[in-house]
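# Results of the structural survey
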Amino acid sequence: MHNCEQTKEQLLDLVFDELAPEVRSQVSAELTQCQRCLAEYQTLTETLRAVDQAGAALMPAESYWPEYEAKLQANLAQVRPNPVRRFQHWLQGFNLALWQPVPLATAAVALLVALGWWWNANRKQGPSLSARDAGQSDIAFSSPTPLPTTVIPSATPETGNASPKPSATLQQGTPIRRNPKSRGAAPAQSVASDTAASEMMVAANFIPAPTVGPVFEPEAARHFEKAQMLLRSFRNVRPVKTVRGNQTMDVSYEKQWSRRLLYQNILLRRDAETKGNLPAQEVLGDLETVLLDIANLPERPVAGTVREIQARLQRKELVAALQVYAAPPVLSVYQPH
Amino acid sequence: MIREPELPELIARAKKGDHEAFCLLTRAYQRRIYALALHYTRDPHEAEDLSQEVWLKAFRALGGFRGESGFYTWLRQITINTFLNHQRGRKTVFNEDKKAFRLGAVVSLDDLGIVVQEPQVVAEERLHQQLMAEKVMQGLSELPAQQRLIFLLKHREGMTYEEIAEACGISAGTVKKALFRALQRLREGLGLKLGEAENATYATHK
């Protein structure tokens, strides 16, 4: 039984071809049965046809399009692609799938980790080159301008002990004069196990470098630098006035700095002990004693007390050692006589 | 028309900033986009500006085209967004000046004494088409902008209710309702009411 209202509801879908084939044929059959519904349908289709014809009538002639394209090209010339997109295109040249952020982020993290590991490994190893290694190195022997050798005394001057101590290390490239007292001891300890190499080096008029100790942490190096400045300042303290016939010295600045550095020194020494870093442990131990002495000085110490500490500093050559440890490592180990 | 194998190559070149490749892409679709803009704006100058804006936006956004959909589908979405932004940016009240301009353009042929070198019947037919086109445009202009856009997407682009709903961010039911109202208004504007279909000279005019 035909229902006009029901058919009219489906006319829109019929006009816009949104009906399933079986429904479409059913509605079409309904239209043949009802003139009114058919007329309704026709008015809708005629309206759409009118819209199509109007559009066609208003479309510009073919001669319009070259001008349109020229205008578009002129507009395009003023537009640059999005910089982010340009960067992405550049990266896509490396076949990176930017639309897959997770793999990319993973790769980036892996790269960072690898770089960090490599940097850390390099930092720990440092440019150390033992005498044996250096003896086998073409660079060491053929270097046209060998840098000055720096030697930390391997034996304490008081005892004259020439046994290899952890502090008997070489920091290359630091322009510090060699200590004449340690000239003989340093090569002996580092190349004792390799007599042939030692002989070769002597024949070549080169001084083999002692084995370089572990490179200190940057934090420790900075600490050594500060301590070195403090000790230099302390070494240069002069009497300021006489009280009751005694010369006193103004070491308030040095006292203040010693207290500051002492805490850091203790932490670094403990760290060195934990890591088994004997050279650091030794130099920090020596430094700690001096820092304690300076920090515990009275406000106006008599000259004798200060000179006693100054003499100890000189004996231990602590300032020179600190200068070496604070200096950045440079790859150079041989020095001609 | 661009052949199917050429399209990816042109897109790849255009992505790298090749203007020539991009212009070849536009050549394939510029009439379609322009016609859509013309029906939407009812003004040739505005249609030109709007369609050019579509192309410039497409050029800027081309790097983001991943080929997951067809190029024209992607371009059409940019067109819809541009139209919707255009709609938000201005009042959609029909401009009487535009109407006068278009009608004047038609009538002024006689006013200016331009001799049309064609038979009288053909000239009359053209004039009739122009007048009816104005009538259609008048009818379109009286539709709300969103309703007009929905109607154009359905009628000219052949999109389904669901596709239009997704593109415009509305429900399919709203799309269907808008289409029904748009068609009713256009029909009334053209004088094609029920019972007058047989006399609709323009609609049946060949």
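Residues numbered from 1 in each chain as written. Chains lettered and ligands numbered in written order. Predicted model: local features only at pLDDT ≥ 70, side-chain atom pairs only at ≥ 80, totals over all residues. Heavy atoms only, no water.

Relative to the helices and strands, B:Glu163 resides in helix α8 (residues 161-168). Spatially, the C-alpha atom of B:Glu163 lies 9.8 Å from that of B:Val175, the residues being 12 residues apart in sequence. (Helix = DSSP H or I, 4+ residues; strand = E, 2+ residues; numbered from the N terminus.)

With that settled, the discussion passes to the interface of chain B and chain A. Between chain B and chain A, the contact holds 51 residues from the first and 41 residues from the second. Taken together, the two surfaces of chain B and chain A that pack against each other cover about 4,700 Å², and 64% of this comes from carbon and sulfur. Summed over the shared surface of chain B and chain A, the result is seven salt bridges. Between B:Asp49 and A:Lys71 there is a salt bridge; the shortest N-O distance is 3.3 Å. No other element matches the 11 residues that helix α2 (residues 19-41) of chain B contributes to the side of chain B that touches chain A. Looking at the side of chain B that touches chain A residue by residue, the class counts come to 24 nonpolar, 14 polar and 13 charged. (Contact = heavy atoms within 4.5 Å. Buried area = accessible area lost by both parts, 1.4 Å probe. Salt bridge = Lys/Arg side-chain N within 4 Å of Asp/Glu carboxyl O. Nonpolar A, V, L, I, M, F, W, Y, C, P; charged D, E, K, R; others polar.)

This paragraph deals with a nonpolar patch on the surface. Together, A:Leu111, A:Leu112, A:Leu115, A:Trp117, A:Trp118 and A:Trp119 make up an exposed nonpolar region whose accessible area comes to about 790 Å². Within the fold, A:Trp119 resides in helix α6 (residues 101-125). (Patch = residues over 30% accessible without salt bridge, like charges linked within 9 Å, V, L, I, M, F, W, Y side chains within 5 Å. Areas by Shrake-Rupley, 256 points an atom, 1.4 Å probe, with all protein chains shown as cover.)

Next up on the list: the packing of helix α11 (residues 218-235) of chain A against helix α14 (residues 303-316) of chain A. Residues and elements named next belong to chain A. Where α11 contacts α14, the two axes come as close as 10 Å, and the packing angle between them is 130°. What the angle tells us is that α11 and α14 run oblique. Crossing hand, α11 versus α14: left-handed. Here α11 contributes Leu-231, Phe-234 and Arg-235 to the contact with α14, which in turn contributes Val-306, Ile-309, Gln-310 and Leu-313. A per-class count over the contact of α11 with α14 returns five nonpolar, one polar and one charged. (Axes fitted to C-alpha atoms, helices over the stretch in contact; angles between N-to-C directions. Parallel < 35°, antiparallel > 145°, perpendicular 65-115°, else oblique. Left-handed = near helix turned anticlockwise from the far one by under 90°.)

Let us look at the nonpolar core. A:Phe16, B:Phe22, B:Phe71, B:Leu75 and B:Phe151 are the most contacted members of the largest nonpolar core, which has 80 residues in total. Contacts of B:Phe71, omitting those with residues within four sequence positions, involve B:Leu7, B:Ile11, B:Leu25, B:Tyr29, B:Leu62 and B:Phe65. Counting 32 residues, the second-largest nonpolar core is a separate cluster that includes A:Val283, A:Leu287, A:Ile294 and A:Val319. (Core = buried A, V, L, I, M, F, W, Y, C linked by side-chain atoms within 4.5 Å. Buried < 20%, exposed > 50% of the residue type's maximum accessible area, 1.4 Å probe, protein only.)

Now for the confidence of the model for chain B. Residue and element names in this part refer to chain B. On average, residues of chain B score 78 in pLDDT, and 74% of them reach the 70 mark or higher. Segment residues 91-109: pLDDT under 50, and 25 contacts once partners within four positions in sequence are set aside and those in other chains are kept. Note on residues 195-206: pLDDT under 50 across the span, and 18 contacts to partners over four residues away in sequence or across chains. (pLDDT = per-residue confidence, 0-100.)

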